[in-house]
4 protein chains.
Amino acid sequence: MNKGRLEAFSDGVLAIILTIMVLELRIPEEPTLHALASVFPTFISYLLSFIYVGIYWNNHHHMLHSVVRVNGNILWANLHLLFWLSLVPFATGWMGENHFAKATMTVYGVILLMAGVAYWLLQSLIIKSQGDHSLLKKAIGKDLKGLSSPPLYLLGIGFSFFNEWLSGAVYIFVALMWLVPDKRIERLLDQRD
Amino acid sequence: MNKGRLEAFSDGVLAIILTIMVLELRIPEEPTLHALASVFPTFISYLLSFIYVGIYWNNHHHMLHSVVRVNGNILWANLHLLFWLSLVPFATGWMGENHFAKATMTVYGVILLMAGVAYWLLQSLIIKSQGDHSLLKKAIGKDLKGLSSPPLYLLGIGFSFFNEWLSGAVYIFVALMWLVPDKRIERLLDQRD
Amino acid sequence: MNKGRLEAFSDGVLAIILTIMVLELRIPEEPTLHALASVFPTFISYLLSFIYVGIYWNNHHHMLHSVVRVNGNILWANLHLLFWLSLVPFATGWMGENHFAKATMTVYGVILLMAGVAYWLLQSLIIKSQGDHSLLKKAIGKDLKGLSSPPLYLLGIGFSFFNEWLSGAVYIFVALMWLVPDKRIERLLDQRD
Amino acid sequence: MNKGRLEAFSDGVLAIILTIMVLELRIPEEPTLHALASVFPTFISYLLSFIYVGIYWNNHHHMLHSVVRVNGNILWANLHLLFWLSLVPFATGWMGENHFAKATMTVYGVILLMAGVAYWLLQSLIIKSQGDHSLLKKAIGKDLKGLSSPPLYLLGIGFSFFNEWLSGAVYIFVALMWLVPDKRIERLLDQRD
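Residues numbered from 1 in each chain as written. Chains lettered and ligands numbered in written order. Predicted model: local features only at pLDDT ≥ 70, side-chain atom pairs only at ≥ 80, totals over all residues. Heavy atoms only, no water.

### Some remarks on the overall build of chain A
Part 1: Helix and strand counts for chain A come out as 10 helices and zero strands.
Part 2: For chain A, the α and β elements follow one another from N to C terminus as α-α-α-α-α-α-α-α-α-α.
Part 3: Expected size for 193 residues packed as a compact globule is a radius of gyration near 16 Å; at 18 Å, chain A falls within 12% of this value.
Part 4: Structurally, chain A occupies a C-alpha span of about 60 × 35 × 30 Å along its principal axes.
Part 5: Looking at chain A as a whole, 62% of its 193 residues qualify as buried. (Helix = DSSP H or I, 4+ residues; strand = E, 2+ residues; numbered from the N terminus. Rg over C-alpha atoms; globule rule 2.2 N^0.38 Å. Buried < 20%, exposed > 50% of the residue type's maximum accessible area, 1.4 Å probe, protein only.)

### Some details on the relation of the copies chain B and chain A
Part 1: Least-squares fitting of chain B to chain A yields an RMSD of 0.0 Å, with the superposition described by an axial translation of 0.0 Å and a rotation of 90°. Both copies of the chain, as the preceding transformation shows, are related through a four-fold rotation axis. The C-alpha atom lying nearest the rotation axis in chain B is that of glycine 12 of chain B; the distance is 4.5 Å.
Part 2: Looking at chain B, a mere 3% of its interface residues are interface residues in chain A too, so the copies touch through different faces. (Least-squares fit on C-alpha atoms with pLDDT ≥ 70 in both. Contact = heavy atoms within 4.5 Å.)

### Observations concerning the UniProt feature "transmembrane region" (unreviewed entry) in chain A
Residue and element names in this part refer to chain A.
Part 1: Under the present numbering, the feature "transmembrane region" (unreviewed entry) in UniProt falls on residues 35-55, 75-95, 107-127 and 152-180.
Part 2: For residues 35-55, helix accounts for 90% and strand for 0%, while the C-alpha atoms at its two ends are 32 Å apart.
Part 3: In the segment residues 107-127, helix accounts for 100% and strand for 0%; the C-alpha atoms at its two ends are 30 Å apart. (UniProt positions renumbered as here; feature names shortened; annotations may be inferred.)

### Structural notes on the pattern of salt bridges
Part 1: Following the criterion strictly, the structure yields 20 salt bridges over all chains and no others.
Part 2: When the shortest N-O distance is used, the salt bridge between glutamate 24 of chain A and arginine 26 of chain A registers 3.5 Å.
Part 3: Take glutamate 24 of chain A: its relative accessible area is 10%, and that puts it in the buried class.
Part 4: Judged by relative accessible area, arginine 26 of chain A falls into the partly exposed class, the value being 49%.
Part 5: The residue glutamate 97 of chain C makes a salt bridge to arginine 26 of chain C at a minimum N-O spacing of 3.6 Å. You can see glutamate 97 of chain C sitting in helix 5 (residues 88-97) and its partner arginine 26 of chain C sitting in the loop between helix 1 (4-20) and helix 2 (33-37), a full 71 residues away along the chain. (Salt bridge = Lys/Arg side-chain N within 4 Å of Asp/Glu carboxyl O.)

### Comments concerning unusual backbone geometry
For residues other than glycine, phi is negative in most cases, and the peptide bonds are mostly trans.
Part 1: At phenylalanine 100 of chain B, a residue that is not glycine, the phi angle is positive and equals roughly 60°.
Part 2: In this fold, phenylalanine 100 of chain B is placed in the loop between helix 5 (88-97) and helix 6 (102-130).

### A word on the arrangement of the chains
Part 1: One thing to see here is that chain A and chain C don't touch, and their nearest C-alpha atoms sit 9 Å from each other.
Part 2: These two, chain B and chain D, are apart from each other, with no contact and a minimum C-alpha gap of 9 Å.

### Structural notes on the interface of chain B and chain A
Part 1: Taken together, the contact pairs 38 residues of chain B with 30 residues of chain A.
Part 2: Taking both sides of the interface into account, the surface hidden between chain B and chain A amounts to around 3,100 Å²; carbon and sulfur atoms contribute 76%.
Part 3: On the surface where chain B and chain A come into contact, there are two salt bridges.
Part 4: The shortest N-O distance in the salt bridge between arginine 5 of chain A and glutamate 7 of chain B comes to 3.7 Å.
Part 5: Applying the counting criterion to the chain B and chain A interface returns six residue pairs in polar contact (both at pLDDT 80 or more).
Part 6: Those elements giving two or more residues to the side of chain B that touches chain A turn out to be helix 1 (4-20), helix 2 (33-37), helix 3 (40-65) and helix 10 (183-192) of chain B.
Part 7: In terms of residue count, helix 3 of chain B provides more of the side of chain B that touches chain A than any other element does, 13 residues in total.
Part 8: Across the side of chain B that touches chain A, the residue classes break down as 23 nonpolar, eight polar and seven charged. (Buried area = accessible area lost by both parts, 1.4 Å probe. Polar contact = N/O pair within 3.5 Å; in protein donor to acceptor, adjacent residues only side chain to side chain. Nonpolar A, V, L, I, M, F, W, Y, C, P; charged D, E, K, R; others polar.)

### Side note on the relation of the copies chain C and chain B
Part 1: Of the two same-sequence chains, chain C is brought onto chain B (RMSD 0.0 Å, axial shift 0.0 Å) by a rotation of 90°.
Part 2: Take the interface residues of chain C: only 3% of them recur as interface residues in chain B, which is what a contact between different surfaces looks like.

### A word on the interface of chain C and chain B
Part 1: Contacts between the two partners involve 38 residues from chain C and, on the opposite side, 30 residues from chain B.
Part 2: Note on chain C versus chain B: buried area summed over both sides is about 3,000 Å², and carbon and sulfur give 77% of it.
Part 3: Our count for the chain C to chain B interface comes out at two salt bridges.
Part 4: Close ionic contact of aspartate 11 of chain C with arginine 5 of chain B constitutes a salt bridge, the shortest N to O distance being 2.7 Å.
Part 5: Taken together, chain C and chain B are joined by six residue pairs in polar contact (both at pLDDT 80 or more).
Part 6: Elements with a minimum of two residues in the side of chain C that touches chain B: helix 1, helix 2, helix 3 (40-65) and helix 10 (183-192) of chain C.
Part 7: In terms of residue count, helix 3 of chain C provides more of the side of chain C that touches chain B than any other element does, 13 residues in total.
Part 8: Of the residues that constitute the side of chain C that touches chain B, the class distribution is 23 nonpolar, eight polar and seven charged.

### Here we look at the packing of aromatic side chains
Part 1: Applying the stated criterion across every chain yields a total of 48 aromatic pairs over all chains.
Part 2: Taking 5.0 Å as the distance between ring centres and 75° as the angle between the ring planes, the aromatic pair formed by phenylalanine 83 of chain A and phenylalanine 50 of chain B counts as edge-to-face. With phenylalanine 83 of chain A in helix 4 (residues 72-86) and phenylalanine 50 of chain B in helix 3, this residue pair bridges two chains. The residues phenylalanine 83 of chain A and phenylalanine 50 of chain B share a single accessibility class, namely buried.
Part 3: Ring geometry for tyrosine 52 of chain C and tyrosine 153 of chain C: centres 6.5 Å apart, planes at 50°, overall tilted. Placement of the pair is tyrosine 52 of chain C in helix 3 and tyrosine 153 of chain C in helix 8 (residues 144-160), with a sequence separation of 101 residues. Each member of the pair tyrosine 52 of chain C and tyrosine 153 of chain C is classed as buried.
Part 4: Three or more aromatic residues joined by ring pairs make a cluster, and in this case those are Phe40, Phe43, Tyr46 and Phe50 of chain A together with Phe83 and Trp84 of chain D. (Phe/Tyr/Trp six-rings, centres within 6.5 Å; stacked < 30°, edge-to-face > 60°.)

### Let's talk about helix 3 of chain B
Part 1: Between its first and last C-alpha atoms helix 3 of chain B spans 37 Å; for 26 residues at 1.5 Å apiece the expected length is 38 Å, and the two agree.
Part 2: Of all 26 residues in helix 3 of chain B, 20 are buried, a share of seventy percent or more. (Expected span 1.5 Å × (residues − 1).)

### Details of the side chain of arginine 5 of chain B
Part 1: In this fold, arginine 5 of chain B is placed in helix 1.
Part 2: Within the structure, the side chain of arginine 5 of chain B is placed 2.7 Å from the side chain of aspartate 11 of chain C, a separation counted as a polar contact.
Part 3: Sequence-distant contacts of arginine 5 of chain B, that is, excluding residues within four places in its chain, are made with Glu7, Ser10, Asp11, Trp57, His60, His61 and Leu64 of chain C.

### Re the environment of serine 149 of chain D
All names here are of chain D.
Part 1: With respect to the element layout, serine 149 can be found in helix 8 (residues 144-160).
Part 2: Along the sequence, serine 149 and leucine 112 sit 37 residues apart, while their C-alpha atoms lie 9.3 Å from each other.
Part 3: Not counting residues within four places of it along the chain, the set of residues in contact with serine 149 comprises Val174, Met177 and Trp178.

### Concerning the packing of helix 1 of chain C against helix 3 of chain C
All names here are of chain C.
Part 1: Here helix 1 crosses helix 3 at 175°, and the two axes come no closer than 10 Å. Considering the angle they form, helix 1 stands roughly antiparallel to helix 3. Of the residues in helix 3, those in contact with Leu6, Glu7, Ser10, Asp11, Leu14, Ile17 and Leu18 of helix 1 are Tyr46, Phe50, Val53, Gly54, Trp57, His60 and Leu64.
Part 2: A breakdown of the residues in the contact of helix 1 with helix 3 according to their chemical character gives nine nonpolar, three polar and two charged. (Axes fitted to C-alpha atoms, helices over the stretch in contact; angles between N-to-C directions. Parallel < 35°, antiparallel > 145°, perpendicular 65-115°, else oblique.)

### Some remarks on a nonpolar patch on the surface
Part 1: On the surface, Leu33 of chain A together with Phe161, Phe162 and Leu166 of chain D cluster together into a nonpolar patch covering about 420 Å² of accessible area.
Part 2: With respect to the helices and strands, leucine 166 of chain D occurs in helix 9 (residues 164-179).
Part 3: Owing to a relative accessible area of 39%, leucine 166 of chain D belongs among the partly exposed residues under this scheme. (Patch = residues over 30% accessible without salt bridge, like charges linked within 9 Å, V, L, I, M, F, W, Y side chains within 5 Å. Areas by Shrake-Rupley, 256 points an atom, 1.4 Å probe, with all protein chains shown as cover.)

Here's what the structure looks like:
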């Protein structure tokens, strides 16, 4: 089974997720800059989610680059990841429209957590499929970012019950932590080529 | 005629179907976890349809892998399949918003049935185009899953007139039955490569 | 300039046009088969437009197959075609929601006409770019279907001012006329390969 | 890192941006040509934005053609460009629905300006990555169009505070200026091939 179609399909879904999120930016009723200000929270939530989906696309791109063979498990683990990511526009819109109210921050965090777990699962299945000398396993090394994200999301979810801003700060921190692309994978793939 | 563009187009349509379904998940009016609970039935219907579209994508992927030459009939049979699948978001939203009311379960089943028939038609045309030594024909063998799905959908449709939960149970059963990718096709293609 | 990205982009736009049309199928308010009947006209208009967009994708596929080199004019003529096709969901929804009222049939015909003209323009530019021995020119021959479509659309538009059903009959007739893929192009390309 | 997936993803996002804009064309409530006239401003704003997104796709296509190697910075600069372009449907709808009211022209201009800056940034990073003998740098030469666009957008934004038509005239002028594809890049790439 070739991975080209898996990549193309994932790219398609991620591109659509990224773009339909902008539909949550409702057009203000009045044509004034003042009315526009009411869209500001939704804009900020859109920006944060755009960065998250961008990070996932970017890392997904790197991760699949090391894959030679796709099996049925990898295929479904990939769909599982796309499922949780497809809920990001919903959580983003709810969060923005309600000015980052506590409950919306909880749900946003839960979806990020589930996507993070799904990503980790996909990564594990790819490593397993590559056997003892897995290029991906070597590339991610101790996988500090991957392993620290779920606890951080849990922290953000915990914060969301009493302070939405602390919760948001954690989600922004995780995004910034990931914003740097995985140089290690890039380096190792360069060595191989 | 090359099959690359047929695959790319089908992937595009399937990716969009998968993703616009999430637009049926309406943002709750209140920012509370209690308000979120009202979205739960739509979430469940989304999950089921996501799995169904995922299965179609997966099997479509396998089926086309065995195709060498695309003719006009195959092209239109493929569009015919995409037509029925494109109605899945509509049926899913209607079903979820009405908490799986009987009439919505009937319609959901009819669309699954039509998609199943369209898939079988496409499969038959591909087999016919491959002649006596069709790789696909050999791969699907007795095609138990393909042949048992339409009667099962009919059963689900029948149930939907008096009990929606029995009907839903049948639709979930068919999904689970298909969730396992078609190992036989994979195996045969491996032998060929 | 390679044509691969032009094809991929056109496929993307056509796949999205095809799929967002289904968003015009509004979910009925009541969960009854009776309420579903109210969606029937929109369903029919969706079916007709799905076939039209399918025909365009199919013929576009064939036409570009004969192209070796894409220049700036071809690129913009292609975008021009996509522009008119992108208005099909709008016209389809308006037509279906108003049960094929006369004014909506006029607009539907005008958009079909403009798309037909845009397709003819694109075809002419490709033939011109291929010089004296244009494969595409040879393939389309007298181009009876291409040349007869605009007058037929005009006829449909004319009918739409006094009888919407006559108008609709013309649009259905043109769709059926095109439903048969262009065997001539296929045959000639086969000879070349 | 190969550029194929970057192109495919950008194409996907641009295709979706182009197509979801048409969703802002709301279906008129009455089935009359008179009611249709009320959609005319939205149609015009859609046409202008369609041309802008078409220009970006076209130039993006040319620019990436000269790229051999994609690094992390280029990847994020590309996402940054897509982010601003993804706001075009929002600004387009707001502008059309409010008949090009002053505030909406300001916002439209700001988004065009940010997209222009993001494009310039991406171009600069590509040139930097290509080193001293950058093909892209040679191709764009003095880059008159690229350098004159931001000041022109600023002019349009300035005009928008007291006259929306002058502002619109500037945005149309910039679009027309760019409509001609970058012959210089084409010529140089031809020489290389």
